[in-house]
Amino acid sequence: PQVIDEVYEKTASLFYNLTFIEGEETKLIKYYTSIKIEAFLFYYINHKFNTKKKDTYLPLLRSLMLLFRIVKYNPQIFDKDSNIPEKETVLDKLVTFFDTKYIAENPDIVEYNIKLWIFLVRNGNEILKLRMKKVVLNCNKILKDDCGTHGENITQKNMQRVVNMMSLHISICGQFKEEANNMKEIVELIILICKEKTDLIRKNAAILLARIAKSSTEMEDYVRSLHGMDVLVNVSKFLNI
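Note that the structure is predicted; figures quoted are calculated from it, not measured. (Residues numbered from 1 in each chain as written. Predicted model: local features only at pLDDT ≥ 70, side-chain atom pairs only at ≥ 80, totals over all residues. Heavy atoms only, no water.)

In terms of helices and strands, the protein chain carries 13 helices and zero strands. Secondary structure elements in the protein chain, listed N-terminal to C-terminal, are α-α-α-α-α-α-α-α-α-α-α-α-α. Taking 241 residues into account, the globule formula puts the C-alpha radius of gyration at 18 Å, and the protein chain, at 19 Å, falls close to it. Taken along the three principal axes of its C-alpha coordinates, the protein chain extends 55 × 35 × 35 Å. Relative to its full complement of 241 residues, the protein chain shows a buried share of 50%. Taken as a whole, the protein chain presents about 12000 Å² of accessible surface, with 51% of it coming from carbon and sulfur. Computed over 35 positive and 31 negative side-chain charges, the separation of the two mean positions in the protein chain equals 1 Å. (Helix = DSSP H or I, 4+ residues; strand = E, 2+ residues; numbered from the N terminus. Rg over C-alpha atoms; globule rule 2.2 N^0.38 Å. Buried < 20%, exposed > 50% of the residue type's maximum accessible area, 1.4 Å probe, protein only. Areas by Shrake-Rupley, 256 points an atom, 1.4 Å probe, with all protein chains shown as cover. Lys, Arg positive; Asp, Glu negative; His and termini not counted. Charge placed at Lys NZ, Arg CZ, Asp CG, Glu CD.)

Set out below in structure tokens:
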């Protein structure tokens, strides 16, 4: 089994690396989906990955990296009417990969999972709707752990993950705005980031805060009660929001 996992990991790595050949990306992804390569990835994610065996982490990471590239160019593989086997089971597995234990054991798993979900959500897949609440709550936990109470935990090491996590929340607010209610627990943190941080992290925080506020009258009132709207006015002159 270990030899098979190594062969699998190398094969997935090769397929992933080939997708960066300039001018050939779309053609290769089209070919991959025509031969149902996602079924190969789904089988590993569903049946082979074992959280108790560290040597299965690398093949899982390669699976997520390649799946991310496929979904980036062809998110329709998760459409309701696509005939890919086990797609719903895979989505349920992908939700579990937001668990913060992976940040300690293999942070790249969480980071590629976030990127993957950004493209899934942007496509607005109907079958995602039932899983969105769990995705939001899991992401809230990662954001709070990564940022700390006042953003004091944000470092160069985890900053990109925080930026990507906010990008995922922004996409969720765009496609499933009712889920903004489940982001209530991070609103104060997002306001603090807008006040105290700079550059891309501040921009994403401001866009997310604006999206949350626009999602409903209730959430706008909540953001206003925390002086979040005042913060948005103050930072809007520096940001395109």
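Now that the structure has been shown, the text picks up again.
This paragraph deals with the pattern of salt bridges. Taken as a whole and judged by the stated rule, the model has nine salt bridges. Between E9 and R62 there is a salt bridge; the shortest N-O distance is 2.9 Å. Pair noted here: E9 is in helix α1 (residues 2-18) and R62 is in helix α4 (residues 57-73), with a separation of 53 residues, a long-range link. Its salt-bridge partner being E111, residue R161 comes within 2.7 Å of it at the nearest N-O pair. With a gap of 50 residues between them, R161 in helix α9 (residues 159-175) and E111 in helix α7 (residues 107-122) connect regions that are remote in the sequence. (Salt bridge = Lys/Arg side-chain N within 4 Å of Asp/Glu carboxyl O.)

All of the buried residues along helix α2 (residues 25-34) are L28, I29, Y32 and T33. The buried residues of α2 occupy an angular sector of 135° when the element is viewed end-on, so they sit on one face. Set apart from the buried face of α2 by more than 90 degrees, the exposed residues are T26, K27, K30 and S34. Among the residues trailing α2, K36 stands out with phi positive, at a value near 60°. (Arc of directions from axis to C-beta.)

The biggest cluster of nonpolar side chains holds 84 residues, and the ones touching the most others in it are W117 and L168. The greatest single-element share of this core, amounting to 10 residues, is contributed by α4. Apart from the residues lying within four places of it in its own chain, the contact partners of L168 are F98, I114, W117, I118, V121, V135 and C139. (Core = buried A, V, L, I, M, F, W, Y, C linked by side-chain atoms within 4.5 Å. Contact = heavy atoms within 4.5 Å.)

Okay, helix α10 (residues 187-196) next. Across the 10 residues that make up α10, a large majority, seven, are buried. Next to the buried residues of α10 lie α8 (132-147), α9, α11 (199-215), α12 (217-225) and α13 (228-236).

What follows deals with the packing of aromatic side chains. Applying the stated criterion across every chain, the model contains 12 aromatic pairs. On the numbers, 6.5 Å between centres and 75° between planes, the contact of F15 with F40 is edge-to-face. Of this pair, F15 sits in helix α1 while F40 sits in helix α3 (residues 37-48); the two residues are 25 residues apart in sequence, bridging distant segments of the chain. Aromatic rings pair up to connect Y8, F15, Y31, Y32, F40 and Y44 into one cluster. Lying across the ring of F20, R69 places its NZ or CZ 3.9 Å from the centre. Over the ring of F119 we find R122, and its NZ or CZ is 5.4 Å from the ring centre. (Phe/Tyr/Trp six-rings, centres within 6.5 Å; stacked < 30°, edge-to-face > 60°. Lys NZ or Arg CZ within 6 Å of the ring centre and 35° of its normal.)

Structural measurements only, silent on function.
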